[in-house]
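Examining the three-dimensional arrangement
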Amino acid sequence: MSSKVTRVQAVSDSAQTPYKKILVISLFESFDTRRYLETEMVKQLSSRGTDAVAGTSMMDSKTPVNRHTLIPLVQEIGADAVLVTQLVSLASDAEVKDMNPQSTHIFRPTYYYNVWTYELTEYVDPQSVDFEHALKLATQLYAVSNQEQVWAIEIDSKIKQDTDHLRDYSLFVNEAETIVSAVSQDGLIVR
């Protein structure tokens with residue numbers, strides 16, 4: 001996996017940094033995907049000394065994610081910033097691949113002079129599918145004090161997977177590390 005960070009908006013002059021309490025929100029269709037990324041981002045932020053809360057820990061899968069549902073969450077935890085990540089684009093390419101073909105050969109003489117038998121047995125494992133994904137995520141940081149966007153990045157990631165690793169959780173860990181590293185480098189949280 002490789003990731004490239006593009007700074008879309010540098011830290012705004014109105015940003016009151018560093019932020020100490022952050023509500024982490026992910027906007028994906030799947031609630032589980034949202035929960036996985038938010039959990040990893042909270043872990044990364046907490047390991048750097050910032051108090052963070054995952055939005056999915058305070059709502060269920062039926063709660064709509066909009067301004068009206070987020071404001072009470074922000075007030076409940078006393079957040080001074082909201083970190084929002086959303087999917088911009090996802091393109092996938094798949095290729096079918098033969099797995100470990102093997103064969104045995106049996107070559108032996110027969111009863112007749114200069115006549116041989118030959119047996120060939122082929123063993124082929126089921127085919128596998130290799131995937132290549134081009135993933136683009138946008139992350140914005142909003143200040144609660146003035147309800148304005150104070151920072152934004154986009155992350156382009158190239159991900160290679162096979163059918164044995166389709167639910168590879170390390171993808172969430174890597175994306176969270178990339179996002180939180182950018183947040184830290186730009187001085188938005190305590191270093």
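Located above this text is the structure these notes cover.
Residues numbered from 1 in each chain as written. Predicted model: local features only at pLDDT ≥ 70, side-chain atom pairs only at ≥ 80, totals over all residues. Heavy atoms only, no water.

With that settled, the discussion passes to helix H3 (residues 170–185). Between the first and last C-alpha of H3 there are 22 Å, a value that for 16 residues agrees with the 22 Å anticipated at 1.5 Å per step. Buried within H3 we find Leu171, Phe172, Glu175, Ala176, Thr178, Ile179, Val180, Ala182, Val183 and Ser184. In the segment just after H3, Gly187 is the residue with positive phi, at about 75°. (Helix = DSSP H or I, 4+ residues; strand = E, 2+ residues; numbered from the N terminus. Expected span 1.5 Å × (residues − 1). Buried < 20%, exposed > 50% of the residue type's maximum accessible area, 1.4 Å probe, protein only.)

Spatial strand order, E1-E6-E5-E4-E2-E3: 6 strands in an open sheet with mixed pairing. Because the sheet does not close on itself, it has two edges, and the strands there are strand E1 (2–9) and strand E3 (51–54). Between one strand axis and the next, the sheet turns by 20° as a mean value, whatever way the strands run. Pairing geometry for strand E2 (residues 21–27) and E3, over 4 bridges, is parallel. Bridge pairing in E3 places Lys21 opposite Asp51. Packed on one face of the sheet, helix H1 (residues 31–47) meets E2, E3 and strand E4 (81–109) and runs near 155° to E2. Of the strands in this sheet, E2, E3 and E4 are in contact with helix H2 (residues 67–77), which crosses E2 at around 155°. (Pairing = 2+ DSSP bridges. Axes fitted to C-alpha atoms, helices over the stretch in contact; angles between N-to-C directions. Contact = heavy atoms within 4.5 Å.)

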